[in-house]
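Listed here are the chains, written in short residue letters.
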Amino acid sequence: MLARGPRAAKHQRPPTHSMAPLDAQDKHGAYRIDAGMGEGLRNSLVYKLSFYRFWDMPTGRKGFDRVRQTTIGYQDFELEYFEEVLTTSNWMVRVYKRKKAPNADFAMENVL
């Protein structure tokens, strides 16, 4: 049974003190994907997974987003922990998998 009332809702929310805000906005408070983007957005996993290999799209200009009419600001990066599994032809669906850790197959008996 779900708890009801304002007190129950208060306890169901995650604590706000543990959530750091993403510095995704530029110096004017706008969300941008061009060269003026905020540092937090540039380094975010969401941005990297969304725009990975976007610069390879045949749009006429390298990294040009036709919907936003701008060139993406951060290009030619590599994913460190994920690899692309599937991207549909229109880029509406993208699937990634976590890369295997480089030392995951390391056997302890090799140390001794």
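A short tour of the structure in this document, coming up.

Cut-offs applied
Residues numbered from 1 in each chain as written. Predicted model: local features only at pLDDT ≥ 70, side-chain atom pairs only at ≥ 80, totals over all residues. Heavy atoms only, no water. Salt bridge = Lys/Arg side-chain N within 4 Å of Asp/Glu carboxyl O. Helix = DSSP H or I, 4+ residues; strand = E, 2+ residues; numbered from the N terminus. Buried < 20%, exposed > 50% of the residue type's maximum accessible area, 1.4 Å probe, protein only. Pairing = 2+ DSSP bridges.

### A word on the pattern of salt bridges
Pairing is possible between side chains of opposite charge, provided their charged atoms come close.
Here is step 1 of the chain: Throughout the structure, instances matching the rule amount to six salt bridges.
Here is step 2 of the chain: For Asp56, the salt bridge is made with Arg53, and the minimal N-O distance between the two is 4.0 Å.
Here is step 3 of the chain: Between Glu84 and Arg94 there is a salt bridge, with its nearest N and O atoms 2.9 Å apart. With Glu84 in strand β3 (residues 82–87) and Arg94 in strand β4 (residues 94–98), the pair connects residues that are 10 residues apart, well separated along the chain.
Here is step 4 of the chain: Overall, the relative accessible area of 18% leaves Arg94 in the buried class.
Here is step 5 of the chain: Salt bridges here are not isolated pairs; linked through shared partners, they connect Arg53, Asp56, Glu84 and Arg94.

### Regarding the pairing of β3
Here is step 1 of the chain: Across five bridges, β3 lies against β4 in antiparallel orientation. In the sheet register, Glu83 faces β4, and the bridge partner there is Lys97.
Here is step 2 of the chain: Hairpin connection, β3 to β4: the antiparallel pair is bridged by six residues, and Trp91 has positive phi, about 65 degrees.

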